[in-house]
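Residue strings, one per chain:
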Amino acid sequence: MKLLLDSTRCQGYGLCQEPAPELIDLDEWGYAQVRETTVPRDAEDAAAAAVAACPNSALRLVK
């Protein structure tokens, strides 16, 4: 499973990082940066929660 970020949609709310701090970093302005696109199996629930938390649909999961 891969976690993909459309940085043009990110508005810097930072809500995605809270459920998945091991997968997502925030830059100095609060914009998301995916650490690693490949999501480990034990982090799939956290990745799904991060996708759901994004108010602008900037994140998505693909198999």
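The structure contained in this document is the topic of the report that follows. (Residues numbered from 1 in each chain as written. Predicted model: local features only at pLDDT ≥ 70, side-chain atom pairs only at ≥ 80, totals over all residues. Heavy atoms only, no water.)

1. Considerations on the nonpolar core
- Judged by nonpolar contacts, the single largest core of 15 residues is most densely connected at Leu23 and Ile24.
- Residue contributions to this core peak at three residues, all from helix α1 (residues 44-53).
- Excluding residues within four positions of it along the chain, Leu23 makes contact with Leu3, Gln33, Val34, Arg35, Glu36, Val39, Pro40, Ala43 and Ala47. (Core = buried A, V, L, I, M, F, W, Y, C linked by side-chain atoms within 4.5 Å. Buried < 20%, exposed > 50% of the residue type's maximum accessible area, 1.4 Å probe, protein only. Helix = DSSP H or I, 4+ residues; strand = E, 2+ residues; numbered from the N terminus. Contact = heavy atoms within 4.5 Å.)

2. Digging into unusual backbone geometry
- The phi dihedral of Ser57 is positive, around 55°, even though this residue is not glycine.
- Tracing the chain through its elements places Ser57 in the loop between α1 and β4 (59-62).

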